[in-house]
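Architecture and fold: a report
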Amino acid sequence: DAGVIQSPRHEVTEMGQEVTLRCKPISGHDYLFWYRQTMMRGLELLIYFNNNVPIDDSGMPEDRFSAKMPNASFSTLKIQPSEPRDSAVYFCASSSGLAAGELFFGEGSRLTVL
Amino acid sequence: EDQVTQSPEALRLQEGESSSLNCSYTVSGLRGLFWYRQDPGKGPEFLFTLYSAGEEKEKERLKATLTKKESFLHITAPKPEDSATYLCAVEAPDSNYQLIWGAGTKLIIKP
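The structure displayed is predicted, hence computed values, not measured ones.

Turning our eyes to something else, we now look at the overall build of chain A. Helices and strands together make up the secondary structure of chain A, namely zero helices and 11 strands. Listed by position from the N terminus, the elements making up chain A come as β-β-β-β-β-β-β-β-β-β-β. Its C-alpha atoms put chain A at 40 × 30 × 25 Å along the principal axes. Buried residues in chain A amount to 49% of all 114 residues. In chain A, 53% of the contacts between residues at least 6 apart in sequence involve partners at least 24 apart. Total accessible area on chain A is roughly 5,600 Å²; 50% of this is exposed by carbon and sulfur atoms. For chain A, the distance from the average position of its 10 positive side-chain charges to the average position of its 14 negative side-chain charges is 4 Å.

Listed below in structure tokens is the structure:
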């Protein structure tokens with residue numbers, strides 16, 4: 001299996017622009033998670049899906065952030081408009097759900113908002 | 001408040017010098033404790049799950065142990081390729097898949 005695939009790996013954009021991050025989970029995994037990692041705050045869960053349905057989005061910082069999962073093999077995280085404080089590494093992870101903490105992470109998307 | 005604290009923040013060892021990393025938690029009714037390894041520029045990689053006090057898991061030069069208040073990741077005779085940041089996370093009751101993550105320990109093994 002190719003693992004969790006994220007794109008783009010790096011994104012540099014200007015404040016106010018729309019950013020879309022993409023994720024392909026491991027085939028057969030029913031759970032998909034979006035995390036954000038910064039030096040100051042560490043790993044933070046933004047939202048997670050079970051069987052393509054958003055279950056908990058309490059970690060989404062504000063309305064500028066949205067996430068979708070139109071099918072079992074694809075998810076997006078969108079920031080519109082982007083701000084410099086959104087600069088971070090965004091990770092997608094998937095899980096079979098058998099154990100809540102056994103996650104398979106992608107390599108991340110490093111976002112820089114100027 | 002549920003918390004996970006990892007220590008030390010950073011640890012430098014010589015190749016072959018064994019040591020331990022600590023993960024202490026203040027969660028009541030722990031449902032699971034998880035260790036991950038993260039290399040620079042990569043996502044965290046799952047290592048171990050521990051569920052109850054006294055449990056131990058091993059993988060190559062790593063051994064994870066769990067007590068009622070903390071977990072240790074013991075590294076025996078480490079090699080430079082063991083250099084990474086090691087993250088600990090816990091699952092609390094009624095957490096609904098929300099993990100509480102520690103800040104990590106950056107381990108550097110010098111040849």
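The next point concerns the nonpolar core. Ranked by internal contacts, the top residues of the largest apolar core, which has 25 residues, are B:Y25, B:L33, B:W35, B:L73 and B:Y86. Of all elements in the fold, only β2 (10–14), β3 (19–25), β4 (32–38), β5 (45–50), β7 (62–66), β8 (70–75), β9 (84–91) and β11 (105–110) of chain B reach the threshold of two or more residues within this core. Per-element accounting of this core gives the leading share, four residues, to β9(B). If sequence neighbours within four positions are ignored, B:L73 has contacts with B:S19, B:S20, B:L21, B:W35, B:F48, B:L62, B:K63, B:A64 and B:Y86. In terms of nonpolar packing, the next biggest core, distinct from the first, is built from 21 residues, A:L21, A:C23, A:A67 and A:Y90 among them.

In this assembly, 17 residues from chain B lie in contact with 21 residues from chain A. Contact with chain A buries area across many residues of chain B, yet B:Y97, B:Q98 and B:W101 alone supply 38% of it, more than any other trio. At the surface where chain B touches chain A, the tally comes to one salt bridge. Our count for the contact surface shared by chain B and chain A stands at eight residue pairs in polar contact (both at pLDDT 80 or more). Elements supplying a minimum of two residues to the side of chain B that touches chain A: β4, β5, β9 and β10 (99–101) of chain B. The element contributing the most residues to the side of chain B that touches chain A is β4(B), with three residues. By residue class, the composition of the side of chain B that touches chain A is nine nonpolar, six polar and two charged.

Residue and element names in this part refer to chain B. What the five strands build is an open sheet, ordered β1-β3-β8-β7-β6; its pairing is antiparallel. With one partner strand each, in any of the chains shown, β1 (4–7) and β6 (56–59) form the two edges of the open sheet. Between one strand axis and the next, the sheet turns by 15° as a mean value, whatever way the strands run. Pairing between β3 and β8: six bridges, direction antiparallel. Within the sheet, the bridge partner assigned to L21 lies in β8 and is L73.

Residues and elements named next belong to chain A. Position of C92 relative to the elements: it lies in strand β9 (residues 88–95). Once the C-alpha coordinates of C92 and K24 are considered, the two residues, 68 residues apart in sequence, prove to be 8.4 Å apart. Those residues in contact with C92 that lie beyond four places of it in its chain are V4, Q6, C23, L32, F33, W34, F104, F105 and G106.

The rules behind these values
- Residue positions are counted from 1 within each chain, in the order its sequence is given.
- Note on labels: chains are lettered from A, ligands numbered from 1, in written order.
- Residue-level local features of this predicted model are given only where pLDDT is at least 70; pairs of side-chain atoms are given and counted only at 80 or more, and the full residue set underlies all totals for whole chains, interfaces and linings.
- No hydrogens and no water enter the side-chain calculation; it runs on all heavy atoms of the structure.
- Per the convention used, a helix needs a DSSP run of H or I reaching at least four residues, while a strand needs a run of E reaching at least two, with both numbered from the N terminus.
- The buried label goes to any residue with under 20% of its type's maximum accessible area, the exposed label to any with over 50%, and the partly exposed label to all in between, with areas taken from a 1.4 Å probe on protein chains only.
- Any two residues whose heavy atoms approach within 4.5 Å at even a single point are treated as in contact.
- Values of accessible area rely on a 1.4 Å probe in the Shrake-Rupley scheme; residue burial ignores everything except the protein chains shown.
- His is not counted here, nor are the chain ends, while Lys and Arg score as positive and Asp and Glu score as negative.
- By convention, charge coordinates are those of NZ in Lys, CZ in Arg, CG in Asp, or CD in Glu.
- Residue types Ala, Val, Leu, Ile, Met, Phe, Trp, Tyr and Cys, when buried and joined through side-chain atoms within 4.5 Å, form a set referred to as a nonpolar core.
- A quick way to say it: buried area is the sum, across both parts, of accessible area lost when two parts are put together, with a 1.4 Å probe.
- Should a side-chain nitrogen of Lys or Arg be within 4 Å of a carboxyl oxygen of Asp or Glu, the pair is scored as a salt bridge.
- Whenever a nitrogen or oxygen atom comes within 3.5 Å of another N or O atom, the pair is scored as a polar contact, on the condition that within protein one atom can donate a hydrogen and the other can accept it, and that pairs from neighbouring residues in sequence are kept only if both atoms are in side chains.
- Residues are grouped as follows: nonpolar covers Ala, Val, Leu, Ile, Met, Phe, Trp, Tyr, Cys and Pro; charged covers Asp, Glu, Lys and Arg; every other residue, Gly included, is treated as polar.
- By definition, two strands form a pair when at least two bridges between them are found by DSSP.
- Axis angles are defined between N-to-C directions and span 0 to 180 degrees, where every axis is a line fitted to C-alpha atoms and, for a helix, only to the segment in contact.

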